[in-house]
Amino acid sequence: MGHLVTVATCSLNQWVLDWEGNLSRIIESIHQAKAAGARLRVGPELEICGYSSLDHFHELDVYTHSLEMLRRLLLDESTHGILLDVGMPVLHRNLRYNCRVICLDGKILLIRPKMWLANDGNYREMRHFTPWMRPRETELFHLPKMLADLQGDTHVLFGDAVISTPETAFGAETCEELFTPKAPHIDMALDGVEVITNSSGSHFTLRKLDTRLQLILEATRKSGGVYLYANQQGCDGERLYFDGCAMIIVNGDVVAQGSQFSLNDVEVVTATVDLDEVRSYRAAMSRGMQAAASTARYQRIQTPFELSSEDDDSDITKAPTLPIQPHYHSVEEEIALCGGCYLWDYLRRSGTAGYLVPLSGGIDSCATAVIVYSMCRIVLQALHDGNAQVAEDVKRIARYAGEGGVLPKTPQELCNQVFTTLYMGMKKQSSRETRQRAADLAAAIGSYHVDLDIDDVYEAQKRLVVGTVGFEPRFKVEGGSEQENLTLQCLQARIRMVTAYEFGQILPTARKRPGGGSLLVLGSANVGEGLRGYLTKYDCSSADINPIGSIDKADLKRFIAWAEKNFDLPCLHDFLTAVPTAELEPITQDYAQSDEADMGMTYQELTIFGRLRKLNKLGPFGMFQRLVHDWSIDREHKADDDAPYYTPAQVAEKVKKFFHFYAINRHKMTTLTPALHCNDYSPDDNRFDLRPFLYPPFWKSWSFKRIDMELEKIEKKRASKKQ
Ligand SMILES: Nc1ncnc2c1ncn2[C@@H]1O[C@H](COP(=O)(O)OP(=O)(O)OC[C@H]2O[C@@H]([n+]3cccc(C(=O)O)c3)[C@H](O)[C@@H]2O)[C@@H](O)[C@H]1O
Ligand SMILES: Nc1ncnc2c1ncn2[C@@H]1O[C@H](COP(=O)(O)OP(=O)(O)OP(=O)(O)O)[C@@H](O)[C@H]1O
Ligand SMILES: NC(=O)CC[C@H](N)C(=O)O
């Protein structure tokens, strides 16, 4: 029995209900772990069926197929000789549990159900599973016949227990459990469990890795121990991107870290850890006394399987893996990499021929196009690194096999095959500048670019009203009313949507691309526009998928400024300096439409409203109370110099205006294009931010009256102070 132990964790790019694909990735990770000399391997949460199976967890098939895949795994002798911690759903006494199955050499040692289910934001585990609410209790699980014959027994243990090997003990906690105030690893550590596995289905949001890593570092800093973090990676069929980053942490130090964004379907991370370091770390007096006082005792399931041997201790070629500095990406890199990896998974899994972006010459569709370009760069890097799966996918999607099997040499070359950009101008509304910016960007990234005008279609459609009811709607600048102005704007916007789909469906065939097929249309409404409803329902904001729908204008601008340098795209500079405009109204000598003027608020203010509404959970009155302090405070007391300054009356007006537009436009969120989830202030109505979409008029609401009452109090106080 030795004290040097090699352990493995992994990230797997699983896909919901891809039973045989998921199993093959699990087996591949076990082979890689064994090849690295590991004797314990942990995989992501629910890895057999894929984490985001959602309401499929209500179907018995999912439990049956999970058992069938587990049986295959147990039967496969190439996976023997290593302790396995595998994730799958299990039906036990008619209740559904989210479980870890711990097995060795074709036999199950323990089934450990998740105790603290994830149930906020995007997570609805309580809808699908029952939590195991009996800490440190176990009972017998009746094995179905297909497993009983392998096990040579009819039952195995089910519940909250740990595994004891000759040299150490290890226990499993599952994803959310780490985030809870009384995480299971605390009691396990106090009871002498030295290795904790954490199998996660943890999604990416911008700047989130820090939170996750701090929790793990803190856990092992306080309790000591070896922590093995496994996570899913990629798009498994939902709006979430799972950001892998498998890690091994020892006593508060990271010793191994996998990639957060990559196109590797299987990534195994291993380290050799010294159990004696855990023992010394824990032997500190105060911790020792707490451990002695703890009454939490775990049932230990004994196995004679050794994680290491005394031979290892005298093998001087074996050494503990040294601590490293954890690696974080900047926000700009996160957008480029997360968006790029997600779009590649979506493309290769949807079986379509590529993407199409309606490119307006503005910053949002520009950001979407640059994310597609980032995808092409990531793919090229993976080809360069010899990723066989990516090579196979490129041949299939970009049909390079048909052209002599030569793979693309540059991201632009790939871009030209899988990415179309479409500028759809109007003679009076579109400026030369936007048309030129779109063309310049397309040339720089190599997309197949189409530049056309939609005036004929627009005029023909407009004539339907003129010819049928004898009324000719006019723009405001031509003397028309508000309603006429809106109707004409929305008409253009919707014609663009129809045109985008038309081209998306026929272009691969028209270009004689082998296999034809359709392009997926990408949307590019940013998070603020969605929230404020500053978009036309069913225009180009209605697309197949939107990579930037949960990202705000400020982060998008940072991303474009970063890409200008890091992707060597000088043409991006002009996008950054342009005034955001919808170009839906005719441009005259003294009028050009502008987003911020139209919206009655700036994009910066929109981000603040969006965060306070969702993250701080503030309604109109609460938001007024908060902002009157942030925005009306005397300049010299201000913490943030960039924050706007407004009088209390102006703050009241701003907050009311925001909630008014939010309420009357909320219906647009119900039909908004699915967006890649990158931020916890996303207004996505369908999965994340569940709200009504028919509100009473806010101008007459009690909450607005309360703002007025509060404003009166504030103004009286200010007036009396001045006297
Ligand atoms: N309570 C409710 N529940 C369900 N649906 C409701 C509804 N109230 C209205 N509606 C529907 O929504 C329609 C009004 O919404 P909508 O048609 O979007 O039209 P609307 O919101 O009136 O106008 C679109 C606005 O977006 C602006 N915009 C800015 C930037 C870009 C773009 C662009 O398109 O490129 C547009 C444009 O300047 C204009 O101010 C109604 O005609 C009705 O069909
Ligand atoms: N002239 C155009 N040609 C092609 N697509 C357009 C054009 N005008 C608008 N679109 C599409 O409609 C979407 C919504 O238009 P809008 O004017 O609101 O742009 P936006 O959301 O501010 O984005 P952008 O910054 O790209 O203009 C754009 O993102 C773009 O995809
Ligand atoms: N699957 C889970 O338990 C995930 C929940 C966790 N709070 C996370 O975001 O990572």
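Residues numbered from 1 in each chain as written. Chains lettered and ligands numbered in written order. Predicted model: local features only at pLDDT ≥ 70, side-chain atom pairs only at ≥ 80, totals over all residues. Heavy atoms only, no water.

The protein chain is annotated in an unreviewed UniProt entry as Glutamine-dependent NAD(+) synthetase of Parathielavia hyrcaniae. Here the protein chain is described in UniProt, under the heading Pathway (unreviewed entry), as follows: "Cofactor biosynthesis; NAD(+) biosynthesis; NAD(+) from deamido-NAD(+) (L-Gln route): step 1/1." Quoted verbatim from the Catalytic activity (unreviewed entry) field of the UniProt record, the comment on the protein chain reads "deamido-NAD(+) + L-glutamine + ATP + H2O = L-glutamate + AMP + diphosphate + NAD(+) + H(+)". (UniProt positions renumbered as here; feature names shortened; annotations may be inferred.)

## Some details on the site of ligand 2
In the neighbourhood of ligand 2, 17 residues make up the surrounding shell, with Pro358, Ser360, Ser365, Met424 and Ser524 lying closest. Look at ligand 2: alone it shows 570 Å² of surface, and the protein chains cover 92% of it. Residue assignment for the shell around ligand 2 shows that the elements contributing at least two residues are helix 12 (363–384) and strand 18 (419–425). Its residues assigned to classes, the shell around ligand 2 shows eight nonpolar, five polar and four charged. (Near = heavy atom within 4 Å. Areas by Shrake-Rupley, 256 points an atom, 1.4 Å probe, with all protein chains shown as cover. Helix = DSSP H or I, 4+ residues; strand = E, 2+ residues; numbered from the N terminus. Nonpolar A, V, L, I, M, F, W, Y, C, P; charged D, E, K, R; others polar.)

## A few points about the packing of helix 12 against helix 13 (residues 388–397)
It is at 8 Å that the axes of helix 12 and helix 13 come closest, and there the two elements cross at 125°. Relative to helix 13, the element helix 12 is oriented oblique. Considering the relative orientation of helix 12 and helix 13, their crossing is left-handed. Contacts between helix 12 and helix 13 involve Val379, Ala382 and Leu383 from the first element and Val390, Ala391 and Val394 from the second. (Axes fitted to C-alpha atoms, helices over the stretch in contact; angles between N-to-C directions. Parallel < 35°, antiparallel > 145°, perpendicular 65-115°, else oblique. Left-handed = near helix turned anticlockwise from the far one by under 90°. Contact = heavy atoms within 4.5 Å.)

## Here we look at the nonpolar core
Core analysis: the biggest nonpolar cluster contains 64 residues, and Met375 and Leu441 have the highest contact counts within it. The leading source of residues in this core is helix 12, at 15 residues. Residues Ile27, Leu70, Leu73 and Tyr97 belong to the second largest nonpolar core, which totals 49 residues. (Core = buried A, V, L, I, M, F, W, Y, C linked by side-chain atoms within 4.5 Å. Buried < 20%, exposed > 50% of the residue type's maximum accessible area, 1.4 Å probe, protein only.)

## Comments concerning the site of ligand 1
Taken together, 17 residues are adjacent to ligand 1, and Gln489, Arg494, Lys537, Asp539 and Lys668 come closest. Measuring from an oxygen atom of ligand 1, one finds a side-chain N or O atom of Gln489 at 2.7 Å. Protein coverage of the free-state accessible area of ligand 1, which is 850 Å², stands at 63%. Among the elements that line the shell around ligand 1, the one with the most residues is helix 17 (residues 482–510), at five residues. The residue makeup of the shell around ligand 1, split by class, is eight nonpolar, four polar and five charged. (Polar contact = N/O pair within 3.5 Å; in protein donor to acceptor, adjacent residues only side chain to side chain.)

## Some remarks on the UniProt feature "domain: CN hydrolase" (unreviewed entry) in the protein chain
On the UniProt side, "domain: CN hydrolase" (unreviewed entry) is annotated at positions that read residues 5–275 here. Strand forms 34% of residues 5–275 and helix 26%; the C-alpha atoms that close the span are 7 Å apart.

## Focus on the environment of Gln260
Relative to the elements of secondary structure, Gln260 occurs in the loop between strand 14 (253–257) and strand 15 (266–274). When sequence neighbours within four positions are dropped, the list of residues in contact with Gln260 reads Phe204, Leu209, Gln233, Tyr241, Asp243, Gly244, Cys245, His329 and Glu334. Only 2.9 Å separates the side chain of Gln260 from the side chain of Asp243, close enough to count as a polar contact.

## Here's the deal with the packing of helix 12 against helix 14 (residues 411–418)
Contact geometry for helix 12 and helix 14: axes closest at 9 Å, N-to-C directions at 125°. Judged by the inter-axis angle, helix 12 sits oblique to helix 14. Judged by the sense of rotation from one axis to the other, the crossing of helix 12 with helix 14 is right-handed. Of helix 14, the residues touching helix 12 (which contributes Tyr373, Met375, Cys376, Arg377, Val379 and Leu380) are Pro411, Gln412, Leu414, Cys415 and Val418. Of the residues in the contact of helix 12 with helix 14, the class split is nine nonpolar, one polar and one charged.

## Some details on the sheet that holds strand 17 (residues 354–358)
Within the open sheet, the four strands sit side by side as 19-18-17-20. Their pairing is parallel. With partners counted over all chains shown, the strands left at the sheet margins are strand 19 (448–453) and strand 20 (519–521), one partner each. Looking at each pair of strands side by side, their axes are set apart by 25° on average, direction ignored. Relative to strand 18, strand 17 runs parallel, the two being bridged by four bridges. Bridging from a neighbouring strand, Tyr355 pairs with Phe419 of strand 18. (Pairing = 2+ DSSP bridges.)

## Structural notes on the state of the cysteines
Overall, the coordinates contain zero disulfides when judged by the stated rule. Cysteine Cys490 remains unbridged, with the sulfur of Cys540 as its closest cysteine sulfur at 12 Å. Judged by its relative accessible area of 19%, Cys490 falls in the buried class. When its relative accessible area of 19% is taken as the criterion, Cys540 is described as buried. (Disulfide = S-S within 2.5 Å.)

## What about empty space enclosed by the protein?
Unoccupied space between atoms shows up once a probe the size of one water molecule is rolled over them. Scanning the entire structure with this criterion turns up eight cavities of 30 Å³ or more. Tyr51, Leu54, Asn122, Tyr123 and Arg124 are, among the 13 residues lining the largest cavity, the residues nearest its centre. Of the residues assigned to the lining of the largest cavity, the class counts are seven nonpolar, three polar and three charged. By volume, the second largest cavity amounts to about 80 Å³. Along its surface, the second largest cavity is lined by Arg239, Asn546, Gly549, Met669, Leu672, Thr673, Ala675, Ser682, Pro683, Asp684, Asp685 and Asn686. Of the residues contributing to the lining of the second largest cavity, the split by class is four nonpolar, five polar and three charged. (1 Å grid on protein atoms, 1.4 Å probe; cavity = no way out; pocket = protein on both sides within 12 Å on 5 of 7 lines; lining within 4 Å. Points joined across faces, edges and corners; volume = space filled by probe spheres on them.)

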